[in-house]
Amino acid sequence: MNKTHSDARSALAGLVKDGMTIMAGGFGLCGIPEALIEAIREAGAKDLTFISNNAGVDGVGLGRLLETRQIRKMISSYVGENKLFAQQYLSGELELEFNPQGTLAERIRAGGAGIPAFFTKTGVGTLIAEGKEVREFDGEKYVMERGLFADISLVHAYKGDTEGNLVYRKTARNFNPMMASAAKITIAEVEHLVQAGEIDPDQIHTPGIFVQRIVHVPNPMKRIEQRTTRKRETAPAGEEI
Amino acid sequence: MRVQLQSENGMLGMGPFPYEGEEDPDLINAGKQTITELSTTSYFSSADSFGMIRGGHIDLSILGAMQVAQNGDLANWMIPGKMVKGMGGAMDLVAGVKRVVVVMEHTAKDEPKLLKACNLPLTGQGVVDLVITDLGVFTIDKKGGTGMTLIERADGVTVDEITVKTEAAFTVALTGKPSNAA
């Protein structure tokens, strides 16, 4: 089976429908599947539920789908960097479900691993636990959270092979591995596409069984949200920089 | 003492900001700032990261707060009626990290932030161990027991002043001389 597609649009062909639930990897703008998000915009599907830690920023990432009002609901942990998001949320156009970041990550991991629910101590005694089962284990209280499983997952990886095996780079890994496992169809965009066998099997982060379609997106434009640097100083003699 | 910083998006062993021109968009911390790696660095998924946090493998977390109650309750993520940005990883950090330290202004517009009970939605229930403000340092026995204790006051600040600006009940057990806390 050939998993590779020539471009993001063809990688999504026939998959995207109104009302679907879609996961999108990334933390802030780091490791987001930007080309695939753009292809969702072109596909034009509406009333989408997006599961993603953040909602991009104005004009970038999922912010692009807010512009076209394709998103009806977001399941996220933090959405602070997006004015359009706030506008649509306050006007009631956009539904929002906040999950603690670790709970969100674990819900996705669990969904992908066939675990329908789990107990966590995160959020016990807070708004997050309202309406959810709370149980005591070994004298401590835990709240039940459900696994998440989507129709489609969009992930970004540094390197992939024709089998769909993926390798992520640095902190661009974030939510991508769990999301790759937690959907009926996972589409991966990769910066480098190689033949099966070229990646050392010991170094593979996401096994290809989780990835149904793969598209080569060389040299993606990667944006930095908070550019922080330090000045290069001349080190005093005898000291390391 | 060797300190290792964990960044909740998926990195242990966080290094300093990069030199100008060496920023890497694939290498950011939880505040989305560009950072660097160290010889001790490892990368992992956000699920592994919060496994580390929730699983009690992290010793210390330092956070800001809107309100802290004398029983260790913490509120720092939402004000009802205002646009809420989200809790991010804060609820996981306070639920799972062994020791939680809050650093904050003692009051907000002259209103106390150290309260008998929080009236803002909680981030965690009975989670704070230590509060450092511009006026003093308090320990909290979050399992109940001895409650809140003032252990240090800032230079030039009297216990009376702290009492006036604190709603929470606390006992005084000053250790050492006044310091410039916070």
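The sections below set out a description of the structure shown in this document. (Residues numbered from 1 in each chain as written. Chains lettered and ligands numbered in written order. Predicted model: local features only at pLDDT ≥ 70, side-chain atom pairs only at ≥ 80, totals over all residues. Heavy atoms only, no water.)

1. Some details on the pairing of strand S13 (residues 148-153) of chain B
Residue and element names in this part refer to chain B.
- The pairing of strand S12 (residues 136-140) with S13 spans 5 bridges and is classified as antiparallel. Across the sheet, residue Phe-138 finds its bridge partner in S13, namely Leu-150.
- Here S13 pairs with strand S14 (residues 170-172) via 3 bridges, running parallel. Among the inter-strand pairings, Leu-150 is bridged to a residue of S14, identified as Val-172.
- This β-α-β element, S13 to helix H3 (residues 159-164) to S14, shows right-handed connectivity. (Pairing = 2+ DSSP bridges. Helix = DSSP H or I, 4+ residues; strand = E, 2+ residues; numbered from the N terminus. Right-handed = clockwise from strand over helix to strand, strands pointing away.)

2. What about the interface of chain A and chain B?
- The interface of chain A with chain B comprises 52 residues on the first partner and 49 residues on the second.
- For the chain A face of the interface with chain B, the top three residues by lost area are Lys-170, Thr-171 and Arg-230 of chain A, together amounting to 16%.
- Linking chain A with chain B are 7 salt bridges, by the criterion used here.
- In this structure, Asp-24 of chain B and Arg-169 of chain A form a salt bridge, with 2.6 Å as the shortest nitrogen-oxygen distance.
- Our enumeration of links across chain A and chain B arrives at 27 residue pairs in polar contact (both at pLDDT 80 or more).
- Among the secondary structure elements, those contributing two or more residues to the side of chain A that touches chain B are helix H4 (83-90), helix H5 (101-112) and helix H6 (176-181) of chain A.
- In the side of chain A that touches chain B, the residues fall into 20 nonpolar, 18 polar and 14 charged. (Contact = heavy atoms within 4.5 Å. Buried area = accessible area lost by both parts, 1.4 Å probe. Salt bridge = Lys/Arg side-chain N within 4 Å of Asp/Glu carboxyl O. Polar contact = N/O pair within 3.5 Å; in protein donor to acceptor, adjacent residues only side chain to side chain. Nonpolar A, V, L, I, M, F, W, Y, C, P; charged D, E, K, R; others polar.)

3. Describing the side chain of Thr-186 of chain A
All names here are of chain A.
- Its location among the elements puts Thr-186 in strand S11 (residues 183-194).
- Reaching out from Thr-186, the side chain makes a polar contact with the backbone oxygen of Phe-210 at a distance of 3.4 Å.
- Those residues in contact with Thr-186 that lie beyond four places of it in its chain are Ser-153, Val-155, Met-179, Ala-180, Phe-210, Val-211, Gln-212 and Arg-213.

4. Side note on the pattern of salt bridges
- Applying the stated criterion across every chain yields a total of 24 salt bridges over all chains.
- For Glu-42 of chain A, the salt bridge goes to Arg-9 of chain A, with nearest N and O atoms at 2.9 Å. One end of the pair, Glu-42 of chain A, is in helix H2 (residues 34-43); the other, Arg-9 of chain A, is in helix H1 (residues 8-12), and 33 residues separate them in sequence.
- Overall, Glu-42 of chain A belongs to the partly exposed group, its relative accessible area being 47%.
- Lys-231 of chain A is the salt-bridge partner of Glu-20 of chain B, the closest N and O atoms lying 2.8 Å from each other. (Buried < 20%, exposed > 50% of the residue type's maximum accessible area, 1.4 Å probe, protein only.)

5. Quick notes on helix H1 (residues 46-54) of chain B
- Counting buried residues along H1 of chain B, 7 of its 9 residues qualify, which places the element largely inside the surrounding structure.
- Listing the buried residues of H1 of chain B in full gives Ser-46, Ala-47, Ser-49, Phe-50, Met-52, Ile-53 and Arg-54 of chain B.
- Contacts from the buried residues of H1 of chain B go to H5, strand S6 (117-120) and H6 of chain A together with strand S1 (6-7) and helix H2 (90-96) of chain B.
- Backbone geometry just after H1 of chain B places Gly-56 of chain B at a positive phi near 80°.

6. Side note on the sheet that holds strand S10 (residues 114-115) of chain B
- Spatially, the 3 strands line up as an open sheet ordered S6-S5-S10 (chain B), and their pairing is mixed. The strands lining the two open edges of the sheet, one partner per strand, are strand S6 (74-75) and S10 of chain B.

7. Some points on the sheet that holds S1 of chain B
All names here are of chain B.
- If you walk across this open sheet you meet the 3 strands as S1-S2-S3, and the pairing is antiparallel. Strands at the two margins of the open sheet, each flanked by one partner only, are S1 and strand S3 (37-43).
- Inspection of the sheet shows strand S2 (residues 11-14) paired to S3 by 3 bridges, in the antiparallel sense. Residue Leu-12 lies in a different strand from S3, and its bridge partner there is Ser-42.

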